[in-house]
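Next come the chains, spelled out residue by residue.
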Amino acid sequence: MTISHESILLASQSPRRRQLLEQIGVAHELLLPEAHEDAEALEAVLEGETPDAYVQRVTRAKLDAAVARRARLELPAVPVLVADTTVALGKRILGKPADEAEARTMLRALCGHTHRVLTAVAVACEGNRVLHALSVSRVRLEGMRETDIDAYIASGEPFGKAGAYGIQGRIAAFVAHVEGSYSGIMGLPLHETAMLLRQAHVRF
Ligand SMILES: Cc1cn([C@H]2C[C@H](O)[C@@H](COP(=O)(O)OP(=O)(O)OP(=O)(O)O)O2)c(=O)[nH]c1=O
């Protein structure tokens, strides 16, 4: 992989994060996990951990893994960007649903209530100095009928997404209120990300 010194490395498998970074014109290359790296173990919730502590710990672990990967691959020391998104219903952390039943349980729990979407962002810059930010948004999903939930699950959209939904897709028809950062809910809060990248002297 040839990396321009004007680029950053986005260590993420999320197509949304890539698309969002493109939206603000940040030149980047992907730094994807290698086969032996176990993302699931990294994302396990510790006992008693709050959603805020959880999302920041996972983000830091993703960053450490990505910086180690950059070194292993002998890539130039350009900034590395990572993020993690978690949906919190009170103290309850809703990750990505493992199957249809879990997606259904999550959607039923979210409907008719306001929940928080937390996205932590971290950048490793020169000298491996770490910059980080946390975006917290509030989303209210109105009640969905069981038939609406069935159709949404059948669309496949809940999978691979924290809280079993993606605000950028069909669920938008049920989003009654949003407060905070739309891009943050999608997975990369662009205002906070731009601030961190400017602090890291990235030009875009
Ligand atoms: C709440 C919400 C989440 N999401 C997605 C964003 C993230 O991709 C995903 C949360 O999972 P994450 O673990 O944050 O990210 P990821 O595993 O997809 O990617 P990475 O390689 O960077 O760790 O949920 C949406 O796309 N829209 C939404 O409205």
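Residues numbered from 1 in each chain as written. Predicted model: local features only at pLDDT ≥ 70, side-chain atom pairs only at ≥ 80, totals over all residues. Heavy atoms only, no water.

Asks: So, the pattern of salt bridges: which residues are in play, and what are the values?
Replies: Considering all chains together, one arrives at 10 salt bridges under this definition. Residue Arg-116 is joined to Asp-52 by a salt bridge in which the shortest nitrogen-to-oxygen separation is 3.0 Å. Here Arg-116 is found in strand β5 (residues 114-125), whereas its partner Asp-52 is found in helix α3 (residues 51-72), with 64 residues between them in sequence. As a salt-bridge pair, Arg-104 and Glu-146 come within 3.7 Å of each other at their nearest N and O atoms. Residue Arg-104 is located in helix α4 (residues 100-110), and its partner Glu-146 is located in helix α5 (residues 146-154); the two are separated by 42 residues in the primary sequence. Salt bridges linked by common partners bring Arg-104, Arg-108, Glu-146 and Asp-150 together as one network. (Salt bridge = Lys/Arg side-chain N within 4 Å of Asp/Glu carboxyl O. Helix = DSSP H or I, 4+ residues; strand = E, 2+ residues; numbered from the N terminus.)

Asks: With reference to specific residues and values, describe the UniProt feature "site: Important for substrate specificity" (unreviewed entry) in the protein chain.
Replies: Here the UniProt feature "site: Important for substrate specificity" (unreviewed entry) sits at Arg-16, Thr-85 and Gln-168. For the residues just named, distributed over 153 residues, the greatest C-alpha separation is only 14.4 Å, placing them together at one site. Here Arg-16 is to be found in helix α1 (residues 15-23). Contacts of Arg-16, omitting those with residues within four sequence positions, involve Gly-160, Lys-161, Gln-168 and Met-186. Structurally, Gln-168 can be placed in the loop between α5 and β7 (175-179). Exposure remark for Gln-168: the relative accessible area of 33% places this residue in the partly exposed category. (UniProt positions renumbered as here; feature names shortened; annotations may be inferred. Contact = heavy atoms within 4.5 Å. Buried < 20%, exposed > 50% of the residue type's maximum accessible area, 1.4 Å probe, protein only.)

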